[in-house]
Structure formats: structure tokens, C-alpha cells
Amino acid sequence: MTIRVLIVDDQAMVRAGFAALLNAQSDIDVVGDAPDGRQALEVSGRTHPDVVLMDVRMPEMDGLEAARRLLDPPPGVVHRPRVLMLTTFDVDDYVYEALRAGASGFLLKDAPPADLINAVRVVAAGDALLAPSVTRRLIADFAKNRPAPRHDPRLRLNGLTPRETEVLELIARGLSNQEIAAHLVLAEQTVKTHIGRILAKLSLRDRAQAVVLAYESGLVQPGT
């Protein structure tokens, strides 16, 4: 199945470069591009991409607001693409907010080409791009410095079994399914089943939101 991608960046050369790289892959098709968040919403509505590569800083409407609107569309709009934020170290605060909004992860704009291609495939498959240790450090740091949520997120964890809670903690610590399986001496398929139940019980879209909730609830303490 071909992965349909929309590229959103205010620099034309960046859009062209990413498009050339991704279109060269047999399983990826760039269906459109946009120079800002507002136009991204329009193009997404017409092309229905599977994955949106979204720059953070753009004129008219930044990537964070565009991600919010794509991931929480108005009534009647059923299409919700997965959003992969493109960022640099100096806009890390936006990354945390994007994850809370439902983005599936982020990628540094100067990442190697192979990382970009892999990121699109990972996100399109329904996984979150949270493997790099820098991502875990960022989420921990911002969770530590966020004001307390209006509703106590710890209450949301009450419906989890002890094993599911343990799996959620390991997800938040950045372990892959294979690493969780080895740590808990379980089959990898069993781990996937636990993760599916965790996401369903907590009404979470993917691992990215699970990590954020784990920190906000205090299940995992920043820096530990």
C-alpha cells in the first residue's frame, strides 16, 4: 500500500528536497505541499494524506496550530492524518505541545535522509517516533515543568491492570516492544496486545500520547 504524504514547510527548497527524496521510494507518494499551516489544512482536505510532515515555525498559521486542527477536526470531517513534526533544537517546547495535541512524534530537520524515510513509514504504520533518547529527555523535561492539569491524570490509570501499568511505564522510559518483551519475559505479540489495551482504555491514539500521560500522571518521574 502506498503511503500518501503532505509536506508543509515555509521554505520551497526544503519542500522540493523532501518531495524528491520521498517520491523516489516505491511505497511513498507525495500528494501535495504547502508553505504554511493554513494552506496545509486546505491541501489536506483535498488530498487526504496518510502522513503530514509539518514544520513548526511558519507564517499565517504555525505547525502546532495546524496539527491541532488536523488531529481534532470539526464535526463531519472523518479524515485524520498522522502528523510528524519537523523541528530544530531551539523549538523543543513546541514538540511537547504537539505530542499532547496528538502528533505521532518529531524529527530534526537535519536528520539523515534514511531517517526521514523511516520516520514516514513508522508513523504511517501507526507507531510513534519516540525511539531517540533525545525525545525521552525532552518529554521528561517538559512534563516536569508543566503546570498541573485541571483533572488529575492519575485517575485515568486506575482502569489498568498491574501488568498494563508496568508496560506503560516501560513505554514511557523509551523501550521498544522487543525490549519490553525481554525485560518482562513475555512474547513480543503479548506486549503488543497489552499496548493495544492500554491505548484503548486510556483513549490514547498512540505511544506518543501514552508517554506524555505517563509523565503527567507521575507514573514516571522526570530524570529517573
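Notes on the structure in this doc start here. Here the structure is a predicted model, which is why all the values come from computation and not from measurement.

About the cut-offs
- Sequence positions are assigned chain by chain, starting from 1 and proceeding in written order.
- With pLDDT at 70 or above as the cut-off, local features in this predicted model cover only qualifying residues; side-chain atom pairs require 80 or more to be listed or tallied, and sums for whole chains, interfaces and linings still use all residues.
- Excluding hydrogens and water, the side-chain figures rest on all heavy atoms present in the structure.
- To qualify as a helix, a DSSP run of H or I must reach at least 4 residues; to qualify as a strand, a run of E must reach at least 2; elements of each kind are numbered from the N terminus.
- Per-residue accessibility, obtained with a 1.4 Å probe over protein chains only, is compared with the maximum for each type, and a residue is labelled buried under 20%, exposed over 50%, and partly exposed between these values.
- Contacts were defined at the residue level, with two residues in contact if any of their heavy atoms lie within 4.5 Å.
- As used in this record, nonpolar core signifies buried Ala, Val, Leu, Ile, Met, Phe, Trp, Tyr and Cys residues forming a set joined through side-chain atoms within 4.5 Å.
- Comment: arc refers to directions from the helix axis out to C-beta atoms.
- By this rule the span expected of a helix is its residue count minus one, scaled by 1.5 Å.
- Between Lys or Arg on one side and Asp or Glu on the other, a salt bridge is scored when a side-chain nitrogen of the former is within 4 Å of a carboxyl oxygen of the latter.

### Here's the deal with the environment of Ala67
Structurally, Ala67 is set in helix H3 (residues 63–71). On the basis of relative accessibility, which here comes to 0%, the residue Ala67 falls in the buried class. Beyond its immediate stretch of four places on either side in the chain, Ala67 contacts Met54, Val83 and Met85.

### Focus on the nonpolar core
If you look at the biggest cluster of nonpolar residues, it comprises 22 residues, and the most contacted ones within it are Leu168 and Leu202. With residues near it in sequence (within four places) discarded, Leu168 still touches Leu157, Leu160, Ile198, Leu202, Ala210, Ala214 and Leu219. Among the nonpolar cores identified, the runner-up in size contains 21 residues, and Ala34, Met85, Ala98 and Phe106 belong to it.

### So, helix H8 (residues 177–184)
An α-helix turns once every 3.6 residues. As a result, residues three or four positions apart point the same way. Along H8, the residues classified as buried are Asn177, Ile180, Ala181 and Leu184. Looking straight down H8, one finds that the buried residues subtend no more than 100° of arc, so they occupy a single side. The exposed residues of H8 that point more than 90 degrees off its buried face are Gln178, Ala182 and His183. At its buried positions, H8 is contacted by helix H7 (162–172), helix H9 (188–201) and helix H10 (207–216). Within two residues after H8, Val185 carries a phi angle of roughly 55°, on the positive side.

### A few points about H9
In this model, H9 (14 residues) spans 20 Å end to end at C-alpha, consistent with the 20 Å of a helix rising 1.5 Å per residue. Looking at the buried side of H9, the elements it contacts are H7, H8 and H10. Phi turns positive, to about 55°, at Ser203, one or two residues after H9.

### Some words on the pattern of salt bridges
Per the stated rule, a full pass over the model turns up 9 salt bridges. Arg68 is paired through a salt bridge with Glu65; the nearest N and O atoms lie 3.3 Å apart. Taken together, the residues Arg68 and Glu65, both in helix H3 and 3 residues apart, mark about one turn of the helix. Overall, the relative accessible area of 36% leaves Arg68 in the partly exposed class. In this structure, Glu164 and Lys201 form a salt bridge, with 2.8 Å as the shortest nitrogen-oxygen distance. With Glu164 in helix H7 and Lys201 in helix H9, this residue pair connects regions lying 37 residues apart in the sequence. When salt bridges with common partners are traced through the structure, they connect Asp9, Asp55 and Lys109 into a single cluster.

### As for unusual backbone geometry
In this structure, His48 takes a positive phi of about 50° despite not being glycine. Its location among the elements puts His48 in the loop between helix H2 (37–47) and strand S3 (51–55). The exposure class assigned to His48 is partly exposed, which follows from its relative accessible area of 42%. Although it is not a glycine, Val185 sits at a positive phi angle of roughly 55°. Note that Val185 resides in the loop between H8 and H9.

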